[in-house]
Amino acid sequence: MWNVLKTESCGVTIQSYATGAFLSFDPSNETDTPFGSVVTSHSIYPWSLQQSTTVPYAWYIVDNYTGKGLAVKDNSAANAAQVLELGLTNNGSQAWFFIAKEPLAGTN
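Read on for an overview of the structure. Since this is a predicted model, take the numbers as computed values, not measurements.

1. Section: the nonpolar core
Most often, soluble globular proteins keep nonpolar side chains buried together rather than apart.
Next up, step 1: Counting residues in each nonpolar core, the largest one holds nine residues, listed as Val12, Ile14, Leu23, Phe25, Val38, Tyr45, Trp47, Ile61 and Leu70.
Next up, step 2: Contributions of two or more residues to this core are made by β2 (12-16) and β3 (22-26).

2. What about unusual backbone geometry?
Next up, step 1: With a phi angle near 65 degrees, Tyr57 is a residue other than glycine that sits in the positive phi range.
Next up, step 2: Structurally, Tyr57 is set in the loop between β5 (47-51) and β6 (59-63).
Next up, step 3: Classification of Tyr57 by relative accessible area gives exposed; the value is 72%.

3. So, the packing of aromatic side chains
Next up, step 1: Under the criterion given, the structure shown has two aromatic pairs.
Next up, step 2: Consider the rings of Tyr45 and Trp47, whose centres lie 5.3 Å apart with planes at 55 degrees: the pair is tilted.
Next up, step 3: Classification of Tyr45 as buried rests on a relative accessible area of 11%.
Next up, step 4: For Trp47, a relative accessible area of 0% translates into the label buried.
Next up, step 5: Centre to centre, the rings of Tyr45 and Tyr65 are 5.2 Å apart; their planes meet at 75 degrees, and the pair counts as edge-to-face. Here Tyr65 lies in the loop between β6 and β7 (69-72) and Tyr45 lies in the loop between β4 (37-41) and β5, a separation of 20 residues in the sequence.
Next up, step 6: A relative accessible area of 60% means that Tyr65 is categorised as exposed.

4. Quick word on the pairing of β3
Next up, step 1: Burial within β3 is extensive, with four of its five residues counted as buried.
Next up, step 2: Where β3 lies against β4, five bridges are found, and the strand directions are antiparallel. Bridging from a neighbouring strand, Leu23 pairs with Thr40 of β4.

5. Some remarks on the side chain of Ser16
Next up, step 1: With respect to the element layout, Ser16 can be found in strand β2.
Next up, step 2: Relative accessible area serves as the criterion here: at 10%, Ser16 is assigned to the buried category.
Next up, step 3: Engagement of the side chain of Ser16 in a polar contact is seen with the backbone nitrogen of Thr19, the distance being 3.1 Å.
Next up, step 4: Setting aside chain neighbours within four positions, we find Ser16 in contact with Met1, Trp2 and Ala21.

Conventions and cut-offs
Residues numbered from 1 in each chain as written. Predicted model: local features only at pLDDT ≥ 70, side-chain atom pairs only at ≥ 80, totals over all residues. Heavy atoms only, no water. Core = buried A, V, L, I, M, F, W, Y, C linked by side-chain atoms within 4.5 Å. Buried < 20%, exposed > 50% of the residue type's maximum accessible area, 1.4 Å probe, protein only. Helix = DSSP H or I, 4+ residues; strand = E, 2+ residues; numbered from the N terminus. Phe/Tyr/Trp six-rings, centres within 6.5 Å; stacked < 30°, edge-to-face > 60°. Pairing = 2+ DSSP bridges. Polar contact = N/O pair within 3.5 Å; in protein donor to acceptor, adjacent residues only side chain to side chain. Contact = heavy atoms within 4.5 Å.

Shown next, in the form of structure tokens:
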């Protein structure tokens, strides 16, 4: 589960509910692609949300630095599928759904 929070200056941050780490992109980590890897980090990283033009009620998660979007590798539906950063193609593998959860009293 991830927390998506709006910031004052850089769009949104995406933070792991379990670990507190932020979703980031590291261009020097070539584990996933020669251009870099989607990783978690303890540093805030800026993303933006753009409404999908092909999948109703879904959003593209776009890297504020590169302009590329998060995508599930090979359009997999498996749990723990690999996430990559790719150019926006209006592909269903780049469309993300968000489920709102009411904060619990005293936890925010």
